[in-house]
Amino acid sequence: QNCGATVVSHYCPDCGQKHPQKRLTLKEVFHLAYESLVDFDRGLFFTAWQLLVRPHVVIRDYIAGRRVIYTNPVKYMFIWLGVSTFLSLAVIDIDKLQQQMNAQTARTADEKKFQHDAMEFLTTNPQVMYAVLVPLLGLFALWFFRRSGYTYAEHLTANTYLMAQSTLVLIPTYPLYLLFPNHFAQVSFWLSLLMFAYYMFGAALLFNNGGGYWKPALKGLAVSVLAYLMLFLVLGIVAFIAAILYVINTR
């Protein structure tokens with residue numbers, strides 16, 4: 001049906017389409033949804049569980065070409081970013097967070113409004129931040145783990161999976177924002193440590209090569225710290241330019 005090739009087995013050798021295709025019924029629709037999401041031999045939940053317990057296996061398999069059983073890394077990242085954004089908007093009060101930040105520093109009305117708009121944009125569009133962060137992680141990983149033999153594209157794939165899984169790991173912790181509504185900054189700090197810990201865990205398993213786990217774990221920490229510092233630098237420059245333009249346009 002997809003490519004017009006002659007099929008004599010269960011799957012098309014040209015495009016991979018299952019054969020024969022069943023007529024769409026409600027049962028078939030739910031079956032296809034189950035196969036793509038809940039099937040514990042492949043799909044989204046399979047990928048999520050494997051990245052939680054064996055991230056090195058998923059990444060090595062995907063790089064080596066064993067990809068059918070795993071969700072594509074970019075698709076995987078956007079799925080969990082979408083879920084994370086939806087839940088974070090439900091539990092994080094941007095206005096209250098802004099009030100806490102304003103209480104610590106004296107700001108003009110224009111500065112407060114700009115900061116509020118910028119924070120709201122990043123909260124509702126985390127893919128913008130990840131679009132900068134993941135390439136930076138891949139770049140620093142290419143340098144720190146250059147002996148692994150992975151190309152930049154392969155490091156990019158590995159870091160897309162690791163950052164997507166870091167997002168998923170944080171999702172169950174979002175109720176902490178409801179339990180400690182007056183301590184957004186502190187909660188965010190501790191949750192960021194959890195992300196660093198998972199990244200170190202993934203790096204330790206992926207790059208140990210039988211030589212121990214502490215060295216690749218510490219290199220993974222260096223990669224993530226440097227990437228975040230560079231991200232904050234880039235965002236700071238962009239925010240500075242945007243703030244100037246905002247002030248000019250509002251006068």
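Because the structure is a prediction, the values reported are computed rather than measured. Along each chain, residue indices are assigned from 1 in the same order as the chain's sequence is written. Given that this is a predicted model, residues contribute local features only at a pLDDT of at least 70 and side-chain atom pairs are listed and counted only at 80 or more, while totals for whole chains, interfaces and linings are drawn from all residues. The basis for every side-chain value is the complete set of non-hydrogen atoms in the structure, without hydrogens or water.

> Talk me through the overall build of the chain; I want residue IDs and the actual numbers.
Summing up its helical and strand segments, the chain has eleven helices and zero strands in all. Per-residue accessibility, obtained with a 1.4 Å probe over protein chains only, is compared with the maximum for each type, and a residue is labelled buried under 20%, exposed over 50%, and partly exposed between these values. The proportion of buried residues among the 251 residues of the chain is 37%. Here, residues are in contact when the closest pair of their heavy atoms is within 4.5 Å. Within the chain, contacts between residues separated by at least 24 positions form 65% of all contacts whose residues are at least 6 apart in sequence. Here a helix means four or more residues in a row that DSSP labels H or I, a strand means two or more in a row labelled E, and each is numbered from the N terminus.

> Can you tell me about the pattern of salt bridges, naming the residues and giving the values?
Within this document, salt bridges are pairs made up of a side-chain nitrogen of Lys or Arg and a carboxyl oxygen of Asp or Glu, the two lying within 4 Å of each other. A full pass over the atoms with the stated rule returns one salt bridge. For Asp61, the salt bridge goes to Arg66, with nearest N and O atoms at 2.9 Å.

> Outline a nonpolar patch on the surface, supporting the account with residue identities and numerical values.
Taken together, Met230, Leu233, Val234, Ile237, Val238, Phe240, Ile241, Ile244, Leu245 and Ile248 make up a surface patch of nonpolar side chains, about 900 Å² in accessible area. Among the secondary structure elements, Ile248 is positioned in helix α11 (residues 214-250). Only residues whose relative accessible area exceeds 30% and that form no salt bridge enter a patch; like-charged residues are grouped when within 9 Å of one another, and nonpolar side chains (Val, Leu, Ile, Met, Phe, Trp, Tyr) when within 5 Å. Surface accessibility follows the Shrake-Rupley procedure with a 1.4 Å probe radius. Residue values consider only the protein chains on display as shielding.

> Quick one: what's the story with the packing of helix α8 (residues 152-170) against helix α10 (residues 184-207), residue by residue and with numbers?
Contact geometry for α8 and α10: axes closest at 9 Å, N-to-C directions at 140°. The angle between α8 and α10 places the two elements in the oblique class. Our pair here, α8 against α10, has a crossing hand that is right-handed. Residues His155, Ala158, Asn159, Leu162, Met163, Gln165, Ser166, Val169 and Leu170 of α8 form the contact with α10, whose own contacting residues are Leu191, Leu194, Met195, Tyr198, Tyr199, Gly202, Leu206 and Phe207. Only the stretch in contact is used when a helix axis is fitted, and all axes are lines through C-alpha atoms; the angle between N-to-C directions ranges over 0 to 180 degrees. Working rule for angles: under 35 degrees goes down as roughly parallel, over 145 as roughly antiparallel, 65 to 115 as roughly perpendicular, anything else as oblique. Each crossing gets its hand from how the near helix is turned against the far one by less than a right angle, where anticlockwise is left-handed and clockwise is right-handed.

> Break down the nonpolar core for me, citing the residues and quoting the values.
The term nonpolar core refers to a set of buried residues drawn from Ala, Val, Leu, Ile, Met, Phe, Trp, Tyr and Cys, joined through side-chain atoms within 4.5 Å. If you look at the biggest cluster of nonpolar residues, it comprises 50 residues, and the most contacted ones within it are Tyr70, Tyr76, Tyr161, Met163 and Tyr177. Those elements that place two or more of their residues in this core are α2 (44-53), α3 (55-64), α4 (73-91), α7 (126-144), α8, α10 and α11. The element contributing the most residues to this core is α10, with ten residues. Contacts of Tyr76, omitting those with residues within four sequence positions, involve Leu44, Thr47, Ala48, Leu51, Thr71, Tyr161, Ala164, Gln165 and Leu168.

> I'd like to hear about α10, residue by residue, with values.
For α10, built from 24 residues, the straight-helix expectation of 34 Å at 1.5 Å per residue is met to within 8% by its first-to-last C-alpha distance of 34 Å. Looking one or two places after α10, you find Asn209, whose phi comes out positive at around 50°. To estimate the expected span of a helix, subtract one from its residue number and multiply by 1.5 Å.

> Explain the side chain of Thr47 to me, using residue names and the numbers behind them.
Here Thr47 lies in helix α2. Accessibility expressed as a relative area gives 0% for Thr47, which makes it buried. With sequence-adjacent residues up to four places away left out, Thr47 is seen in contact with Ile69, Tyr70, Thr71, Tyr76 and Tyr161.

> How would you summarise the packing of aromatic side chains if you had to cite specific residues and measurements?
Note on ring pairs: Phe, Tyr and Trp rings are taken, using the six-membered ring of Trp, and paired if centres are within 6.5 Å. Classes follow the plane angle, with under 30 degrees stacked, over 60 edge-to-face and the rest tilted. One pass over the structure, following the stated rule, counts ten aromatic pairs. In this arrangement the basic side chain of Arg67 is found over the ring face of Tyr62, its NZ or CZ atom lying 5.2 Å from the centre. Over the aromatic face of Trp143 sits the side chain of Arg146, whose NZ or CZ is 4.0 Å from the ring centroid. For a Lys NZ or an Arg CZ to count as sitting over a ring, it must be within 6 Å of the ring centre and within 35 degrees of the ring normal.

Worth remembering: the numbers are spatial, not functional.
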